[in-house]
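# Notes for the structure review
Residue-level listing of the chains:
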Amino acid sequence: MSIAITIDNLTVHRSGRPVLHDISLHLPAGSITALVGPSGVGKTTLMSTLNGLLSPHGGTVVFDGIGRLDQPRPLREARRRTATVFQDHALIDRLPAIDNVLLGLADTRHPLSPLPWSGAQRRRAAQALDEVGLLDRATARAAQLSGGERQRVGIARALVRRPALLLGDEPFASVDPALAERLAAEFRTLVARNGLTVVLVLHQLSMARSLADRIVGLGGGRVVFDAPAQSFGAADESAVFRTFPDTKEIPCSVN
Amino acid sequence: MIETRHPDALAAILADGRRKARNTMLNGGLVAVAVVAAFVYAGAFDAGRYVGALSTIAQLTNDSMPPDFSRWPKWGKPLLETLSMSVAGTALGAAFALVCGAVAARNVVRTPWLGGPMRLLLNLLRSIPGLIWGVMFVAAIGFGPLAGILALAAHSTGMLGKFFAETLEHVEPGPGNALRSHGVGHLGVLRFSVLPQILPRLVDVTMYRWEHNLRAATTLGVVGAGGLGLEIITAFHLFEYREASALIIVLLALVSLINLLGARLRARFLGGT
């Protein structure tokens, strides 16, 4: 079950400095949005606001049917239905893949419970690993996995939560380009099968075009660009070019 | 000479290299002087001190051979005393160390007026030698293994607390942030991200400390904490060198056994949850 999100006049400060100004976006249920822009424009800050790690200084984030994130009960419910995939995978190296996936269910367990993970939870984690094609590597420690396998474990840890909203902070940045393309294709299939609302921070425009329905460019903490991915043409490219004159990699990767 | 458009930068790099080489030589020389001075001060180069040393050692070795195990039925109680002192002292020390170490770790408790004094307390606990702790606790609560347990725990808390704090400070923050973004609280992050990351180190250091404490418990017997140490020192005082050597062999066997157990536990904790 996917979910729609409305961001209204959102302003977020970090260390006393405003990073996002007055952002307004509507993310329809089941949509895939790519956030692009150079480093330091607030992409990660926006993600951290969506998963509740940061709280806004102005404006609101509303999860459809749940409520505003600045209220404790909706925040709890929204987080329960959100999952995040990280660039550096954020796995515990010495734990087996399956145990890392189980960490996606940590919010369903009491921190002081002496009981081990239940059979139902283990089955759910195994299912998630199977979805990313890694069931045969379930008992291998994260440290023994390749970069692509680690990223798949990271995705499985997000999927095991059966989220409505999936956030990805440069999820394919730490693997080589060929593998990134393959992972992105797999990712698209998984997202379609599970019908999720997705927000991805991507720094390759080519990948944003192939993965997302919509591309949102951030610059200086504001939305400077917002267009459907299919209609993303040469004019848009030059718009992006103008917006991010210092980032060579973005225009270069458009081909 | 390298052709370059930046001769000044090149000269600076080379000058820096020469300065570093000079510093390395200087520091190495200072360390060597300090080490030699320590030997001289301790009288290690006084040849007269070594006259007759070999023959005395040979005599002592001869007197303690073969080891005399004839009184072994009387060793059960002191053996168990030493073993229980080491187990209880290590467990108590590790438990205190976990709490103190968490308070002392700069990334767990961020209030400096709490962490600073805790690090000072751990330094204090550690800098007082175990034997002095033993004398103090024997004076405070009387002879016997209980004084030994407290002495071992006091010193172990200081040592393990510092190790635990350092281990906690090196925990990867990534997995914890992932949990936080899923709505897991502070305690949950400690339980599901921090603990699995530090557990092998915790077990490793605690096992090593147990082995250390077994030997320390033996020494504590000398100052009145009882156990195997008391038996060994009594045998020496009575010139029963053959019995003393037998007791030392028993101690060696016990330490080896703990080593073996430690290795198995470490191997186990290096795997999954």
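No experiment lies behind these values; they were computed from the predicted model shown. (Residues numbered from 1 in each chain as written. Chains lettered and ligands numbered in written order. Predicted model: local features only at pLDDT ≥ 70, side-chain atom pairs only at ≥ 80, totals over all residues. Heavy atoms only, no water.)

## Let's talk about the nonpolar core
Nonpolar side chains in soluble globular proteins tend to be buried together. Counting residues in hydrophobic clusters, the biggest one holds 87 residues, and the most contacted among them are L129, L166, F172 and F187 of chain A. With 10 residues, helix α8 (residues 186-225) of chain B is the single largest residue contributor to this core. Once you skip the residues sitting within four places of it in the chain, L129 of chain A turns out to touch A97, I98, V101, L134, L135, A138, V153 and A156 of chain A. Judged by nonpolar contacts, the second largest core, of 26 residues, contains L27, L69, L167 and V199 of chain A. (Core = buried A, V, L, I, M, F, W, Y, C linked by side-chain atoms within 4.5 Å. Buried < 20%, exposed > 50% of the residue type's maximum accessible area, 1.4 Å probe, protein only. Helix = DSSP H or I, 4+ residues; strand = E, 2+ residues; numbered from the N terminus. Contact = heavy atoms within 4.5 Å.)

## Comments concerning the interface of chain B and chain A
Taken together, the contact pairs 24 residues of chain B with 27 residues of chain A. For the chain B face of the interface with chain A, the top three residues by lost area are S181, H182 and F192 of chain B, together amounting to 34%. At the boundary of chain B with chain A, the tally comes to 5 residue pairs in polar contact (both at pLDDT 80 or more). Where the side of chain B that touches chain A is concerned, the elements lending two or more residues are α7 (173-181), α8 and α10 (241-270) of chain B. Ranked by residues supplied to the side of chain B that touches chain A, first place goes to α8 of chain B with 9 residues. Looking at the side of chain B that touches chain A residue by residue, the classes come out as 11 nonpolar, 11 polar and 2 charged. (Buried area = accessible area lost by both parts, 1.4 Å probe. Polar contact = N/O pair within 3.5 Å; in protein donor to acceptor, adjacent residues only side chain to side chain. Nonpolar A, V, L, I, M, F, W, Y, C, P; charged D, E, K, R; others polar.)

## What to know about the UniProt feature "transmembrane region" (unreviewed entry) in chain B
Residue and element names in this part refer to chain B. The sites that UniProt annotates as "transmembrane region" (unreviewed entry) are residues 25-44, 83-109, 130-154, 216-239 and 246-265. Each end of residues 83-109 is marked by a C-alpha atom, and these two atoms are 35 Å apart; helix forms 81% of the span and strand 0%. This span, residues 216-239, is 83% helix and 0% strand, and a straight line between its end C-alpha atoms measures 23 Å. (UniProt positions renumbered as here; feature names shortened; annotations may be inferred.)

## Quick word on empty space enclosed by the protein
All names here are of chain A. On inspection of all chains with the given rule, the structure shows 1 cavity of 30 Å³ or more. The space that makes up the largest cavity amounts to roughly 30 Å³. Forming the boundary of the largest cavity are V132, R152, I155, L183, E186, F187 and L190. Taken together, the elements giving at least two residues each to the lining of the largest cavity come down to α5 (147-159) and α6 (177-194). No other element matches the 4 residues that α6 contributes to the lining of the largest cavity. Its residues placed into classes, the lining of the largest cavity shows 5 nonpolar, no polar and 2 charged. (1 Å grid on protein atoms, 1.4 Å probe; cavity = no way out; pocket = protein on both sides within 12 Å on 5 of 7 lines; lining within 4 Å. Points joined across faces, edges and corners; volume = space filled by probe spheres on them.)

## With respect to the pattern of salt bridges
Residues and elements named next belong to chain B. Using the criterion set out here, one finds 14 salt bridges over all chains in the structure. A salt bridge links K162 to E166, with the shortest nitrogen-to-oxygen separation between them at 3.2 Å. Of this pair, K162 and E166 both sit in helix α6 (residues 145-169), 4 residues apart, which is roughly one turn of the helix. Judged by relative accessible area, E166 falls into the partly exposed class, the value being 34%. (Salt bridge = Lys/Arg side-chain N within 4 Å of Asp/Glu carboxyl O.)

## With respect to the sheet that holds strand β4 (residues 58-63) of chain A
Residue and element names in this part refer to chain A. A sheet is described by the order of its strands in space; here 4 strands give the open sequence β2-β1-β4-β5, paired in antiparallel fashion. Taken across any chain shown, the strands that pair with only one partner, and hence form the sheet edges, are β2 (17-27) and β5 (67-68). Looking at chain direction, strand β1 (residues 5-14) and β4 are connected through 5 bridges and run antiparallel. Paired with T11 across the two strands is G58, which belongs to β4. Running over the sheet, helix α1 (residues 43-50) touches β1, β2 and β4 and is turned about 115° from β1. (Pairing = 2+ DSSP bridges. Axes fitted to C-alpha atoms, helices over the stretch in contact; angles between N-to-C directions.)

## Let's talk about the packing of aromatic side chains
Residue and element names in this part refer to chain B. One pass over the full model with this rule turns up 6 aromatic pairs over all chains. Seen in terms of ring centroids, F236 and Y241 are 5.6 Å apart; in terms of plane orientation they differ by 65°. Their pairing is edge-to-face. Given the relative accessible area of 18%, Y241 is considered buried. Geometrically, the ring pair formed by F239 and Y241 is edge-to-face, given 6.3 Å between the ring centres and 85° between the ring planes. Assessed through its relative accessible area of 63%, F239 is described here as exposed. Here the aromatic cluster, defined as three or more aromatic residues joined through ring pairs, consists of F236, F239 and Y241. (Phe/Tyr/Trp six-rings, centres within 6.5 Å; stacked < 30°, edge-to-face > 60°.)

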